[in-house]
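# Chain and residue survey
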Amino acid sequence: MRHKKLIQVCIALAIFLGLIGCATVVRPTGGPKDETPPAVSKSKPDNFSTSFVSKEIDITFNEFISLNDIYNQLVISPPIENKPNVVLKGKTIRIRFEDELKKETTYTLNFGNAIKDFTEGNVLENYKFVFSTGNKLDSLAISGHVKDAYEGENTKGALVLLYKDQPQYTDSIPYKSLPDYFSKTNGKGNFEISNIAEGKYHIFALLDQNSNYLFDVNTEKIAFVDELITPIDSSFINLTMFRETQEVVFLGGINSSYGQINLSFSKAPETLSLKTDQAELAIIPDMRAPADSIISWVNPAGLDSLQVFVLADHISDTSKISFRKFTPKVFTPTYEGGKNLNPNELPRIVSNIPFEITEDTANQTFVFKDGEAIPLSFIKENDFSYILDFSKQEDTQYQLKCFPNSFVDIFGNTNDSLSFDFRTGLPNEFANLIISLDHNNANTKIVELLNNKKKLIKKIEISNEKTVSFDMINPGQYLVRIIEDVNKNGKWDSGHYLEKRKPEKVYYYGQEIKLRANWDFEIDMVLD
């Protein structure tokens with residue numbers, strides 16, 4: 001009997017221990033949702049300690065936590081060569097340093113958005129742990145904002161680097177040396193660097209592609225300030241990032257689709273001329289929107305390969321293109337101008353494939369008004385577009401008819417019958433935008449009207465003018481951008497760090513502009 005009871009007790013004990021062993025932290029049920037982030041209950045050493053000599057820091061929270069992307073989120077300033085080992089045990093984070101820390105130095109550990117509670121995922125944002133290896137904490141700070149020099153948009157995730165001015169300082173320091181302090185910009189482009197020692201500093205911002213805190217990749221964006229800065233409690237620095245102008249390098253070409261050759265460059269070339277080893281064969285680059293990857297068109301009929309000779313800006317190169325089998329393109333030219341045509345504009349015939357008018361075009365394409373054909377001429381805008389020039393009247397209905405064989409594409413295909421109806425609008429169906437400018441310099445300025453996707457609609461060049469007008473604009477949402485064209489070359493130019501050349505200034509009106517029909521919309525812009 002005693003033996004039987006002993007067996008029962010053992011079984012019950014085993015079940016109890018098994019339940020304990022299987023216990024896990026689970027999300028509680030019922031009650032209001034927890035929206036409170038975790039809080040630090042204790043740490044070893046205390047936050048903001050001095051005379052730190054240990055290799056480890058323990059930070060304990062008031063609840064179970066989890067870590068999200070800790071090795072990318074954790075920012076240590078000044079930087080150390082090897083990232084510390086971070087281990088989570090229940091409610092405690094242990095940070096162990098592998099490197100020897102600098103003497104008499106204040107360190108800041110910013111955890112970003114890495115710390116969140118286990119149950120609801122509430123994030124403890126930008127928790128900082130600060131300590132000094134000396135007998136005092138440095139207390140100065142700077143803050144600021146980083147934006148893209150051309151796009152005007154906030155730059156997220158940029159490193160902001162501080163280098164203390166030293167007698168041995170040279171301009172090459174961001175290429176070769178780690179900063180004394182650094183921070184990362186948040187989603188709004190803002191940054192803060194705290195616990196800085198007294199002194200004068202050089203400041204940079206960097207989009208660090210290889211995460212080594214150095215400006216050593218020629219495609220990385222950089223920002224710099226000419227003068228030294230002195231951190232004080234109210235220091236606020238604005239930085240504008242740019243990618244340095246690079247020499248064009250041809251990277252190669254590939255047959256990417258039927259009749260298409262994709263040519264890759266290190267940057268967008270301003271000019272591009274192409275020839276092949278078959279002199280009679282046309283090859284046409286699409287330069288309507290230059291980019292670092294440019295599609296060029298050629299008729300691949302009967303070709304296995306082709307030698308392409310590339311002249312881009314001031315460099316020349318060659319590429320052998322091997323052709324693959326692709327489905328042929330369908331040639332479908334179309335009308336561009338909208339059903340309600342601006343009386344000041346002319347419509348177009350466009351195609352995504354290079355094309356030409358034919359000998360029969362004049363007898364095959366017509367614009368009709370009240371059933372009667374009116375004189376029409378064609379102006380070649382580029383290899384993908386022809387402007388239709390004819391005498392227009394306001395508030396009038398028109399019909400464009402293109403009969404077969406009016407146009408021929410690069411592959412020898414001709415169009416089928418096409419018909420498009422449109423009318424010319426009245427002035428009161430459009431809007432006018434008047435921009436009043438407050439500026440005091442005579443530099444040439446390029447005033448650009450963009451749609452809300454930053455596509456250029458119109459531009460006007462000015463110098464001393466204080467007022468600019470865009471008339472007869474289609475109703476819609478728009479942006480205004482002004483480029484200070486210092487070198488008068490008709491476009492925005494980037495900067496160069498070693499040459500101490502800043503990018504040309506770009507100004508945006510602070511918000512989208514909604515233009516309504518029959519409205520004169522006035523805005524003011526200050527150009528500093």
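### Overview of unusual backbone geometry
In this model, Lys44 is joined to Pro45 through a cis peptide bond whose omega is 0 degrees. Of note, the bond from Ser77 into Pro78 is cis; its omega dihedral lies within 30 degrees of zero at -5 degrees. Here the phi dihedral of Ser211 falls at roughly 55 degrees; this positive angle occurs in a residue that is not glycine. The class of Ser211 is exposed, set by a relative accessible area of 59%. The phi dihedral of Asp370 falls on the positive side, at around 55 degrees, and the residue is not glycine. With respect to the helices and strands, the residue Asp370 is situated in the loop between β29 (365-369) and β30 (372-374).

### Thoughts on the pairing of strand β18 (residues 250-257)
Of the pairings in the sheet, the one linking β18 to strand β19 (residues 260-265) comprises six bridges and is antiparallel in character. Opposite Gly253, over in β19, you have Leu263 as the bridge partner. Following β18, the chain reverses through two residues before pairing antiparallel with β19; Gly259 in that reversal takes a positive phi of roughly 75 degrees.

### A look at the confidence of the model for the protein
Scored by pLDDT, the protein comes out at a mean of 90, with 94% of its residues at no less than 70. Low pLDDT, under 50, characterises residues 14-25; the predicted model gives this stretch two contacts beyond four residues in sequence or across chains.

### Points about the pairing of strand β23 (residues 305-312)
By the alternation rule, side chains of β23 split into Leu306, Val308, Val310 and Ala312, which are all buried, and Ser305, Gln307, Phe309 and Leu311, of which none is buried. Pairing of strand β20 (residues 272-276) with β23, which is carried by five bridges, proceeds in the antiparallel orientation. Bridging across to β23, Leu274 finds its partner in Val310. Taken together, the eight bridges between β23 and strand β24 (residues 315-322) define a ladder with antiparallel strand orientation.

### As for the pattern of salt bridges
In a structure, side chains of opposite charge can pair up when their charged atoms sit close to one another. The full count for this structure, using the stated rule, is 22 salt bridges. Arg96 is paired through a salt bridge with Glu56; the nearest N and O atoms lie 3.1 Å apart. You can see Arg96 sitting in strand β6 (residues 92-96) and its partner Glu56 sitting in strand β2 (residues 56-61), a full 40 residues away along the chain. A relative accessible area of 36% means that Arg96 is categorised as partly exposed. Through salt bridges with shared partners, one network takes in Glu56, Asp58, Arg94 and Arg96.

### Observations concerning the sheet that holds β6
Read from one edge to the other, the open sheet built from four strands follows the order β1-β2-β6-β5, with strand pairing classed as antiparallel. The strands lining the two open edges of the sheet, one partner per strand, are β1 (40-44) and β5 (85-89). Each strand of the sheet is rotated relative to its neighbour by a mean of 15 degrees, with strand direction disregarded. As defined by bridge partners, β1 adjoins β2 across four bridges and the pair is classed as antiparallel. Paired with Lys44 across the bridge in β2 is Asp58.

### As for the side chain of Ser257
When you line up the elements, Ser257 lands in strand β18. Here Lys329 takes part through its side chain, which lies 2.9 Å from a polar atom of the side chain of Ser257.

### Some points on the sheet that holds strand β14 (residues 190-196)
Sheet architecture is open: seven strands sit in the order β13-β12-β15-β16-β17-β11-β14, paired in mixed fashion. Strands with a single pairing partner mark the edges of an open sheet, and in this sheet they are β13 (181-184) and β14. Within this sheet the neighbouring strands show an average axis-to-axis angle of 25 degrees, counted without direction. As paired strands, strand β12 (residues 159-164) and strand β15 (residues 201-206) are joined by six bridges and run antiparallel to one another. Bridge pairing in β15 places Leu162 opposite Ile203.

### As for the environment of Val217
Tracing the sequence through the fold places Val217 in the loop between β15 and β16 (221-224). Residue class for Val217 comes out partly exposed when judged on its relative accessible area of 22%. Distance from Val217 to Tyr175, taken between C-alpha atoms, is 9.2 Å for residues 42 residues apart in sequence. Beyond its immediate sequence surroundings of up to four residues, Val217 is in contact with Gln209 and Asn210.

### Regarding the packing of aromatic side chains
Scanning the model with the defined rule gives 30 aromatic pairs in all. Relative to Tyr497, the ring of Phe224 has its centre 5.5 Å away and its plane inclined at 70 degrees; by these criteria the two rings are edge-to-face. Taken together, the residues span a long stretch of sequence, with Phe224 in strand β16 and Tyr497 in the loop between β40 (476-485) and β41 (506-508) at a distance of 273 residues. For the pair formed by Phe224 and Tyr497, the shared burial category is buried.

What counts, and at which threshold
- Residues numbered from 1 in each chain as written.
- Predicted model: local features only at pLDDT ≥ 70, side-chain atom pairs only at ≥ 80, totals over all residues.
- Heavy atoms only, no water.
- Buried < 20%, exposed > 50% of the residue type's maximum accessible area, 1.4 Å probe, protein only.
- Helix = DSSP H or I, 4+ residues; strand = E, 2+ residues; numbered from the N terminus.
- Pairing = 2+ DSSP bridges.
- pLDDT = per-residue confidence, 0-100.
- Contact = heavy atoms within 4.5 Å.
- Salt bridge = Lys/Arg side-chain N within 4 Å of Asp/Glu carboxyl O.
- Axes fitted to C-alpha atoms, helices over the stretch in contact; angles between N-to-C directions.
- Polar contact = N/O pair within 3.5 Å; in protein donor to acceptor, adjacent residues only side chain to side chain.
- Phe/Tyr/Trp six-rings, centres within 6.5 Å; stacked < 30°, edge-to-face > 60°.

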